[in-house]
Amino acid sequence: YTQLRKQWYQRRVRAVEVVVEPPKQPWSHSLFGCFDMDTKLLGLTLCCPCITFGANAELLGEDWMLYCLFCILPGPMCYFGPYIRNKIRTTFEIEGSDSSDVLSYLLCPCLSIVQETQQLKSAGMKPGGDAMNRA
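Small disclaimer: the values here were computed from a predicted structure and weren't measured.

## A short note on the nonpolar core
Core analysis: the biggest nonpolar cluster contains 20 residues, and F53, Y67, C71, M77, I84, I88 and I113 have the highest contact counts within it. Among the elements of the structure, α3 (49-59), α4 (64-72), α5 (74-91) and α7 (109-122) are those that each provide at least two residues to this core. Ignoring anything within four residues of it in the chain, the contact list for I88 reads W27, L60, I94, E116, Q119 and L120. Membership of the second largest hydrophobic core comes to seven residues, among which are L31, L41, L111 and V114.

Structural data, given as structure tokens:
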């Protein structure tokens, strides 16, 4: 009886396959890392966040003007801000959750936009490169 039980257990253990996800990395800059932020970027984002937000969206394949307009209106920004943040998190495999994305945009949207821009810059992307050069 014990031999049969061992064999049954061994078959069950082999059938279970464990999938381990690789650990996700943190953001390249913290949300409240005001001292290591680009001051020009921070100033531009505090004065006119729609430009920076639109440039970030454009780098992710979205329409710059549309997302710039979304940034002006508070309703759409509560949806599209976390949407862009989630897109950055999944693209660069950054730790976090949908709820943390929403919270960051509800509590400090300008700092969230700056953090996203710095993440894109650290990945070698140049936000705003073609956003203002329209033909």
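Still to come is the rest of the account.
## Some details on the packing of α3 against α4
Helices that pack against each other are described as a pair by the angle of their axes relative to one another and the distance between those axes. Packing of α3 against α4 brings their axes to within 8 Å, and their N-to-C directions diverge by 140 degrees. When the axis of α3 is compared with that of α4, the two are oblique. Note that α3 runs across α4; the crossing there is right-handed. Contacts from P49, C50, I51, F53, G54, A55, A57 and E58 in α3 reach W64, Y67, C68, C71 and I72 in α4. Within the contact of α3 with α4, the residues separate by chemical class into eleven nonpolar, one polar and one charged.

## Here's the deal with the packing of helix α2 (residues 39-47) against α3
Between α2 and α3, whose axes approach to 5 Å, the crossing angle comes to 110 degrees. Comparing their axes, α3 and α2 come out roughly perpendicular. Seen from α2, the contacting residues are L41, L44, T45, L46 and C47; seen from α3, they are P49, I51 and T52. Of the residues in the contact of α2 with α3, the class split is six nonpolar, two polar and no charged.

## Digging into the packing of aromatic side chains
By the definition in use, this model includes eight aromatic pairs. Summarising the aromatic geometry, the rings of Y67 and F70 are spaced 5.4 Å apart at their centres and angled 80 degrees between planes, so their arrangement reads as edge-to-face. Within this pair, Y67 and its partner F70 are both found in helix α4, separated by three residues, close to a single helical turn. Residue Y67 shares its accessibility class with F70, and that shared class is buried. Note on F80 and Y83: the rings are 6.5 Å apart at their centroids and 85 degrees apart in plane angle, and the pair reads as edge-to-face.

Conventions we followed
- Residues numbered from 1 in each chain as written.
- Predicted model: local features only at pLDDT ≥ 70, side-chain atom pairs only at ≥ 80, totals over all residues.
- Heavy atoms only, no water.
- Core = buried A, V, L, I, M, F, W, Y, C linked by side-chain atoms within 4.5 Å.
- Buried < 20%, exposed > 50% of the residue type's maximum accessible area, 1.4 Å probe, protein only.
- Helix = DSSP H or I, 4+ residues; strand = E, 2+ residues; numbered from the N terminus.
- Contact = heavy atoms within 4.5 Å.
- Axes fitted to C-alpha atoms, helices over the stretch in contact; angles between N-to-C directions.
- Parallel < 35°, antiparallel > 145°, perpendicular 65-115°, else oblique.
- Left-handed = near helix turned anticlockwise from the far one by under 90°.
- Nonpolar A, V, L, I, M, F, W, Y, C, P; charged D, E, K, R; others polar.
- Phe/Tyr/Trp six-rings, centres within 6.5 Å; stacked < 30°, edge-to-face > 60°.

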